[in-house]
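# Residue-level structural notes
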Amino acid sequence: MNDQPIRVLLVEDNPGDARLIREMLVDVKSTSFQWEWVDRLGKGLDRLQRGGIDVVLLDLTMPDSSGLETFTRMHAQNTLVPIIPLTGIDDEMVAVNALRAGAQDYLVKGEVDSKLLAGAIRYAIERKKVEEALRQSEKRYRTLFEATGTATLVVEENARIVLANAEFEKLSGCRKRDLEGKQRWTDFVPDEKVRVLLQLEQSDEHDGEPTPKTYDFKFVDALGTIKHVFATTTAIPGTKNWVVSLLDVTKRKKMEDELLRVRKLESIGIMAGGLAHDFNNILTAILGNISLARMYAGAQEKVRAKLNEAEKGAARAQELTRQLLTFAKGGAPIKQKTSIGELLRDTVNFSLAGSNVRAECSIPEDLWPVEVDEGQISQVINNLVINADQAMPQGGQIELSAENVTVDGAKSFPELHLADGRYVKISVCDQGVGISEQHLPRIFDPYFTTKPKGSGLGLAIAHSIVEKHGGRILAESVLGKGTTFHLYLVACTGVIRARTCVAESLEQGSGRILVMDDEPSILDVCREMLEVIGYSGDFVSEGRLAVEYYEKAMDAGQPYAAVIMDLTVPGGMGGKEAIEKILAIDPCAKAIVSSGYANDPIMAEFRKYGFKGVVPKPYKISELSKTLYSVVTARSMG
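No experiment lies behind these values; they were computed from the predicted model shown.

The rules behind the values
Residues numbered from 1 in each chain as written. Predicted model: local features only at pLDDT ≥ 70, side-chain atom pairs only at ≥ 80, totals over all residues. Heavy atoms only, no water. Helix = DSSP H or I, 4+ residues; strand = E, 2+ residues; numbered from the N terminus. Buried < 20%, exposed > 50% of the residue type's maximum accessible area, 1.4 Å probe, protein only. Salt bridge = Lys/Arg side-chain N within 4 Å of Asp/Glu carboxyl O. Pairing = 2+ DSSP bridges. Axes fitted to C-alpha atoms, helices over the stretch in contact; angles between N-to-C directions. Contact = heavy atoms within 4.5 Å. Left-handed = near helix turned anticlockwise from the far one by under 90°. Nonpolar A, V, L, I, M, F, W, Y, C, P; charged D, E, K, R; others polar. Polar contact = N/O pair within 3.5 Å; in protein donor to acceptor, adjacent residues only side chain to side chain. Core = buried A, V, L, I, M, F, W, Y, C linked by side-chain atoms within 4.5 Å. Arc of directions from axis to C-beta. Patch = residues over 30% accessible without salt bridge, like charges linked within 9 Å, V, L, I, M, F, W, Y side chains within 5 Å. Areas by Shrake-Rupley, 256 points an atom, 1.4 Å probe, with all protein chains shown as cover. Phe/Tyr/Trp six-rings, centres within 6.5 Å; stacked < 30°, edge-to-face > 60°. Lys NZ or Arg CZ within 6 Å of the ring centre and 35° of its normal.

### Thoughts on the overall build of the protein
Regarding its fold elements, the protein presents 18 helices and 24 strands. Counting only residues that meet the buried cut, the protein has 42% of its 638 residues in that class.

### A look at the pattern of salt bridges
In the structure shown here, the tally under the stated rule is 20 salt bridges. The shortest N-O distance in the salt bridge between arginine 47 and glutamate 36 comes to 2.7 Å. Within this pair, whereas arginine 47 is found in helix 2 (residues 41-50), its partner glutamate 36 is found in strand 2 (residues 33-38), the two being separated by 11 residues in sequence. Between glutamate 403 and lysine 425 there is a salt bridge; the shortest N-O distance is 4.0 Å. One end of the pair, glutamate 403, is in strand 16 (residues 396-407); the other, lysine 425, is in strand 17 (residues 421-429), and 22 residues separate them in sequence. Note on glutamate 403: relative accessible area 38%, which makes it partly exposed. Three or more residues joined by partner-sharing salt bridges are found here, namely Glu12, Asp17, Asp59 and Lys109.

### Looking at unusual backbone geometry
Lysine 617 connects to proline 618 through a cis peptide bond whose omega is -5 degrees. Here proline 618 lies in the loop between strand 24 (613-614) and helix 18 (621-632). We note that alanine 159 has phi near 80 degrees; this positive angle belongs to a residue other than glycine. Accessibility expressed as a relative area gives 0% for alanine 159, which makes it buried.

### Some thoughts on the sheet that holds strand 9 (residues 161-164)
Spatially, the five strands line up as an open sheet ordered 9-8-12-11-10, and their pairing is antiparallel. In this open sheet, the two strands that pair with only one neighbour each are strand 9 and strand 10 (213-220). Put simply, the sheet's adjacent strands are angled 30 degrees from each other on average, direction ignored. Pairing of strand 10 with strand 11 (residues 226-235) involves eight bridges; the strand directions are antiparallel. Within strand 11, the position partnered with phenylalanine 219 by the bridge is lysine 227. Packed onto the sheet, helix 5 (residues 114-146) meets strand 8 (151-155) and strand 9 and runs at close to 80 degrees relative to strand 9.

### Section: the packing of helix 14 (residues 520-532) against helix 18
Where helix 14 contacts helix 18, the two axes come as close as 10 Å, and the packing angle between them is 65 degrees. Viewed along their axes, helix 14 and helix 18 form a crossing whose handedness is right-handed. On helix 18, the residues that touch Cys526, Met529, Leu530 and Val532 of helix 14 are Ile621, Leu624 and Leu628. Across the contact of helix 14 with helix 18, the residue classes tally to seven nonpolar, no polar and no charged.

### Things to note about the side chain of aspartate 430
You can see aspartate 430 is positioned in the loop between strand 17 and helix 13 (458-468). A polar side-chain atom of aspartate 430 sits 2.9 Å from the main-chain amide nitrogen of glycine 432. Excluding anything up to four places from it in sequence, aspartate 430 contacts Ala388, Ala391, Met392, Gln397, Lys481, Gly482 and Thr483.

### Considerations on the nonpolar core
One broad rule of soluble globular proteins: the nonpolar side chains tend to lie buried together. Of all hydrophobic cores here, the largest spans 36 residues; its most connected members are Ile340 and Ile426. At the level of secondary structure, the elements contributing two or more residues to this core comprise helix 11 (340-351), strand 15 (370-372), helix 12 (374-390), strand 16, strand 17, helix 13 and strand 19 (482-490). For this core, the element with the most residues is helix 12, which contributes six residues. Listed in part, the 24 residues of the second largest apolar core include Ala546, Ile579, Ile582 and Met603.

### Looking at helix 2
For helix 2, the set of buried residues is Leu41, Gly44, Leu45, Arg47 and Leu48. Each buried residue of helix 2 sits inside an arc of 165 degrees when the element is viewed along its axis, so together they form one side. Seen from the buried face of helix 2, the exposed residues on the opposite side, beyond 90 degrees, are Gln49 and Arg50. Residues of helix 2 that are buried in the fold lie against strand 1 (6-11), strand 2, strand 3 (55-59), strand 4 (61-62), strand 5 (65-66) and helix 3 (68-77).

### Brief notes about the side chain of threonine 152
Structurally, threonine 152 is set in strand 8. Engagement of the side chain of threonine 152 in a polar contact is seen with the backbone oxygen of threonine 150, the distance being 3.1 Å. Not counting residues up to four positions away in its chain, the partners in contact with threonine 152 are Phe145, Leu163, Ala164, Asn165, Phe168, Val243, Val244 and Ser245.

### Focus on the sheet that holds strand 1
Spatial ordering of the open sheet is given by 2-1-3-6-7, a layout of five strands whose pairing is parallel. Both edges of this open sheet fall to strand 2 and strand 7 (107-108), since each of them pairs with a single strand only. In this structure, strand 1 lies alongside strand 3, joined through four bridges in parallel fashion. Residue valine 8 lies in a different strand from strand 3, and its bridge partner there is valine 55.

### Notes on the environment of leucine 459
Locating leucine 459 in the fold gives a position in helix 13. Spatially, the C-alpha atom of leucine 459 lies 5.3 Å from that of phenylalanine 444, the residues being 15 residues apart in sequence. In contact with leucine 459, other than residues within four places in its own chain, are Leu384, Asn387, Ile443, Phe444 and Phe485.

### Some remarks on the pairing of strand 17
With nine bridges connecting them, strand 16 and strand 17 associate as antiparallel partners. Directly across from leucine 400, in strand 17, lies its bridge partner valine 428.

### Section: the environment of glycine 480
Among the structural elements, glycine 480 can be located in the loop between strand 18 (472-478) and strand 19. Judged by its relative accessible area of 56%, glycine 480 falls in the exposed class.

### What about a nonpolar patch on the surface?
On the surface, a nonpolar cluster with roughly 240 Å² of combined accessible area is contributed by Phe279, Ile282 and Ile286. Mapped onto the elements of the fold, isoleucine 286 is located in helix 9 (residues 250-297). Residue isoleucine 286 is classed as partly exposed on the basis of its relative accessible area, which comes to 37%.

### Describing the packing of helix 12 against helix 13
Working note: a packed helix pair is described by the angle between its axes plus the distance between those axes. With their axes 9 Å apart at the nearest point, helix 12 and helix 13 run at an angle of 150 degrees to one another. The two elements helix 12 and helix 13 cross, and the hand of that crossing is left-handed. Taken together, the residues of helix 13 that come into contact with helix 12 (itself represented by Gln376, Ile377, Gln379, Val380, Asn383, Leu384 and Asn387) are Gly458, Leu459, Ile461, Ala462, Ile465 and Val466. Grouping the constituent residues of the contact of helix 12 with helix 13 by class yields eight nonpolar, five polar and no charged.

### What about the pairing of strand 16?
In the sheet, strand 14 (residues 357-362) pairs with strand 16 via six bridges, with the strands oriented parallel. In the sheet register, alanine 359 faces strand 16, and the bridge partner there is isoleucine 398.

### Structural notes on the packing of aromatic side chains
Any aromatic ring pair is given by two values, namely how distant the centres are and how the planes are angled relative to each other. Applying the stated criterion to the full structure yields five aromatic pairs. Taken together, a centroid distance of 5.7 Å and an interplanar angle of 85 degrees make the contact between phenylalanine 168 and phenylalanine 188 edge-to-face. Placement of phenylalanine 168 in helix 6 (residues 166-172) and of phenylalanine 188 in the loop between helix 7 (176-179) and helix 8 (192-202) is noted, with a sequence separation of 20 residues between them. Accessibility assignment for this pair places phenylalanine 168 and phenylalanine 188 in one class, buried. On the basis of an interplanar angle of 35 degrees and a centroid distance of 6.0 Å, the ring pair of tyrosine 550 and tyrosine 560 is categorised as tilted. Within this pair, whereas tyrosine 550 is found in helix 15 (residues 543-555), its partner tyrosine 560 is found in the loop between helix 15 and strand 22 (562-566), the two being separated by 10 residues in sequence. Comparing tyrosine 550 with tyrosine 560, the two get one shared label, buried. Every member of this aromatic cluster is reached through a ring pair, and the members are Phe168, Phe188 and Phe219. Its guanidinium or amino end placed over the ring of tryptophan 368, arginine 422 lies 4.1 Å from that ring's centre, counting from NZ or CZ. One Lys or Arg, arginine 527, reaches over the ring of phenylalanine 539 and ends 4.3 Å from the middle of that ring.

Structure representation (structure tokens):
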């Protein structure tokens, strides 16, 4: 027996009926009741609002209200307190309607005794408690259902959606009212085989412990956008329904695809590096022999002319090896003072070979010199020219121009974000299809392309190279009229002698040189080139031998004037490790690094690793002579 009395509010305008109800409550011995009586609905509403009531006994016919409206107003005042309507036999249908509207029970006046009244009150209170518990449980369930963080559904065995949360609304692009009870969740699966599989598996019996099933498939939303989703389906025990959770993994899939592309690029970079190394070794022998043959040709102009053409062809072949290396390996530029005009003309002519597009070059003779990596800047121009060529499939004209500009951030070119100073501005203009205003800000992003078969790397490579040179590259375009790229390179001081192939200037020297290279053809041509420029030499095929030779020479008191070492020796010690050991023997050793890996960081920062000079492969006798002379005579390089 509960010690706390049940607090009853009786809303009844008839004093006789009120007294009868009170007497019935008093007669109940098993339960204690505490009751209050009001004779108007308005008074009842006020009392209920103040709280402290467990149940309401409500006469539906009151002076200030009647019928179902009486119940509706009382119920709206406090939905948590159970209400038992009191009605006459003639008004029983109104009471039934009140039940449908939320009343816990109803009693017919004249047919009620103490036992029936007490039972109805206790039943109403317990039923209300159960309803409230269910309501709270449903609320918690709904909260969890909405807060899963994933698109979640409750579906029937035929895949029809029973419930959908807000995340599924976002994923599908449909509103709940258009989903629940109307659509199958498999309607969003475009692959018919996958759709049939999902429907078949969800139609299976699922007695016992449910086992989650997972799927990975494409999902099409209401706008037709294809997404990649990861789905988990789990049967709800005791029902024929399923819970379906869908996670949008479109971004993850894209990242995985990008990672795969990056790994492919890394593989290409490794392969390209190996090819470049081997190819540059071959070109070193070719260029070395060509430069020697030119010297031996003397005054035979026809022979010299052919050798000049062969040398140009070899130089072009060298540029091809640098195309992949620059972006795939990301090497720092190996800069040298250059007159850019001839480089621009040669690159444009090479890039447009066999094309129906012609180039109009406007390059003044008084362009300031620049300090650049010729191979990398040639690649930038090549990429821009190829883009322009592809933008004009029916043919047309590319205008390439160059000019000297002075940047003053406070007064001119504020949009460039360049340090004040002198620059050479290069412009490449086409008459092609142009770039939309929407796409223009993204053209330098890696992998961004508007071409069906484009890689999205050409302009990204160009941007990377120019930034490493301390310059800027900008683009302006009008859709349907063409695109212009502007390239700003830092100008330097000094005068560059015009290039000539008539006579190569050789710096003569003397002394004994130690050469380490794993390629016999390079050792052969290097031996002959050293003899021509006044040196003698010892030649070894790997780093350990170089260290041994150097140590023996020091012990004999006959040190080498300089050492030339290849960076990479397959299966043996390379130049990086060998120079460390040689410097341990002789801290004043004069070593020159040479490699076919032109983009290796050691080539750009050779002093940091203990070398005094650098000669990238392939090299000619003139380049070797100048580097050797600078190192042997202790003149600073680069």
